[in-house]
Amino acid sequence: MVALVLPRLVAAQAVARRSASVAGRNVAAFKPVYWVLVASGLVEPMLYLFSIGVGVGNLIGDLTLPSGQVVAYATFVAPAMLAVSAMAGALAETTFTFFGKIKYLKLYDGMIATPIRPFEIALGELGWAMLRGTVYSAAFLVVMVAMDLTTVLRALVALPAAVLVGFAFGALGLAVSTFLRSWQDLDLLGSAQFALFLFSGTFVPAQAYPTVLHWLVEATPLYRAVHLIRDISIGTTGWVSALDVAYLVVVTVVGLLVASRRMGAVLYR
């Protein structure tokens, strides 16, 4: 048994070490001025929270959820903005930045001359993206607690959920970026991201849509993310939350596998 397990542990440590070296390269290259760009990714969800969640929420009043629970509109919108913030932070690093590295900077051409493999590059880039996504999520949760939109205990549980959301969208972003042909394709990606933002139960319950659209919305990754974080934030978690977690884990794994396979095809051709 030891003879079987030990080589696998050694191999796993080697993968973790090489992936960490990729993430460490990004940390070393990161300049303090870039924190302005990091902060900019948090501003948009915050503006939506204050303008729609609080401003429009004062006109709408309370909202009755499908479970029958009545919550303030800002309490309904805030967890969705947290999910959007985690998504935006992860996608910012794994689409625009990653595409530039692999397509134009040729950054990874030198890496594959070392023992580092495409899967380890993808894992390292995803880990780096999650540092940014975690900063967004933690800052947003502090604001939610300060505005009494959730409790401290629920915020502590919501943070790892938001990190999982970031992992899922980061892996998805890496996979999609390997199929992009030029900078113009990023416009299509931005349009898809904005459509998810509007139609993922963000501002109204998905049940408010026509039946066909309702089921389509519930199948999207951002809806599952919003649903998971909203349930945690307002304290209504159940078996569906486990389904949300499983969905996001599958997206993460599939995204990483597709990204590493595609990177191998691009880098070794």
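Reading guide: rules and limits
- Counting starts from 1 at the beginning of each chain's written sequence and moves along it residue by residue.
- Reporting in this predicted model follows two pLDDT cut-offs: at least 70 for local features of residues, and 80 or more for side-chain atom pairs to be given and counted; totals over whole chains, interfaces and linings ignore these cut-offs and use all residues.
- Note that the side-chain values use all heavy atoms of the structure and ignore hydrogens as well as water.
- To get an axis, fit a line to the C-alpha atoms, keeping to the stretch in contact for a helix; angles then go from 0 to 180 degrees between the N-to-C directions.
- Working definition: helices are DSSP H or I runs of at least four residues, strands are E runs of at least two. Numbering for both runs from the N terminus.
- Oblique is the label for any angle not under 35 degrees, not over 145, and not in the 65 to 115 range, which are roughly parallel, roughly antiparallel and roughly perpendicular in turn.
- Crossings are assigned a handedness: left-handed for a near helix turned anticlockwise from the far helix by less than a right angle, right-handed for a clockwise turn.
- Basically, the charged four are Asp, Glu, Lys and Arg, the nonpolar ten are Ala, Val, Leu, Ile, Met, Phe, Trp, Tyr, Cys and Pro, and anything else, Gly included, counts as polar.
- The aromatic pairing rule takes the rings of Phe, Tyr and Trp, using the six-membered ring of Trp, and pairs them if the centres are within 6.5 Å, calling planes under 30 degrees apart stacked, those over 60 edge-to-face and the rest tilted.
- Either the NZ atom of lysine or the CZ atom of arginine qualifies as a charge over a ring when it sits within 6 Å of the ring centre and within 35 degrees of the ring normal.
- Working rule for helices: expected span equals 1.5 Å times residues minus one.
- Bend is computed residue by residue as the angle between axes fitted to the seven residues ending at the residue and the seven residues starting at it.
- Burial classes follow relative accessibility: with a 1.4 Å probe on protein chains only, a residue under 20% of its type's maximum area counts as buried, one over 50% as exposed, and anything between as partly exposed.
- To qualify as a nonpolar core, a set must consist of buried Ala, Val, Leu, Ile, Met, Phe, Trp, Tyr and Cys residues joined through side-chain atoms within 4.5 Å.
- Throughout, a contact is declared for two residues whenever any of their heavy atoms are within 4.5 Å.

A.B. asks: Quick question: what am I supposed to make of the packing of helix H3 (residues 73-105) against helix H5 (residues 118-146) here?
C.D. replies: Each pair of packed helices can be described by the angle between their axes along with the distance between the axes. Relative to each other, H3 and H5 sit at 155 degrees, their axes nearing to 9 Å. Accordingly, the angle class assigned to the pair H3 and H5 is roughly antiparallel. As for the relative orientation of H3 and H5, their crossing is right-handed in sense. A per-class count over the contact of H3 with H5 returns 15 nonpolar, five polar and four charged.

A.B. asks: Can you help me understand the packing of aromatic side chains in this one?
C.D. replies: Given two aromatic rings, their pairing is described by the distance between the two centres and the angle made by the two planes. This model, assessed by the stated rule, comprises nine aromatic pairs. On the numbers, 6.0 Å between centres and 40 degrees between planes, the contact of Phe 194 with Phe 197 is tilted. Placement of both Phe 194 and Phe 197 in helix H7 (residues 185-198) is noted, with a separation of three residues, approximately one turn of the helix. Each member of the aromatic cluster is reached from another via a ring pair, and the members are Phe 96, Phe 99, Tyr 104 and Trp 183. Geometry around Phe 76 places Arg 230 over its ring, the cationic atom sitting 3.6 Å from the centre.

A.B. asks: It is not clear to me how unusual backbone geometry should be interpreted in this structure. Could you clarify?
C.D. replies: In terms of backbone geometry, most residues other than glycine have negative phi values and most peptide bonds are trans. For Lys 106, which is not a glycine, the phi torsion comes out positive at approximately 55 degrees. With respect to the helices, strands and loops of the structure, Lys 106 is situated in the loop between H3 and helix H4 (107-111). One non-glycine residue, Asp 148, lies in positive phi territory at about 60 degrees. Here Asp 148 lies in the loop between H5 and helix H6 (152-177).

A.B. asks: Looking at this structure, I do not really get H3. What am I missing?
C.D. replies: For an α-helix the count is 3.6 residues per turn, leaving residues at separations of three or four pointing the same way. The end-to-end C-alpha distance of H3 is 45 Å, a good match for the 48 Å that 33 residues give at a rise of 1.5 Å each. Its maximal kink placed at Phe 98, H3 deviates by approximately 35 degrees. Of all the 33 residues making up H3, 26 are buried; the element is thus mostly covered by neighbouring parts of the structure. Looking at the residues trailing H3, positive phi occurs at Lys 106, about 55 degrees.

A.B. asks: Sorry if this is basic, but what is going on with the nonpolar core here?
C.D. replies: Soluble, globular proteins show a tendency: their nonpolar side chains are buried together. Core analysis: the largest hydrophobic core is formed by 42 residues, its most contacted members being Met 81, Leu 82, Phe 169 and Leu 222. For this core, the secondary structure elements donating two or more residues are helix H2 (35-60), H3, H5, H6, helix H9 (221-234) and helix H10 (239-267). Here this core gets 14 residues from one element, more than from any other, and that element is H3. Leave out the neighbours within four places in its chain, and Met 81 touches Pro 45, Tyr 48, Leu 49, Phe 140, Phe 197, Thr 202 and Phe 203.

A.B. asks: Help me out: how do you make sense of the side chain of Thr 220 in this one?
C.D. replies: Mapped onto the fold, Thr 220 is located in the loop between helix H8 (211-218) and H9. Residue classification places Thr 220 among the buried residues on the basis of a relative accessible area of 15%. Residues contacting Thr 220, with those up to four places away along its chain left out, are Leu 196, Ser 200 and Tyr 247.

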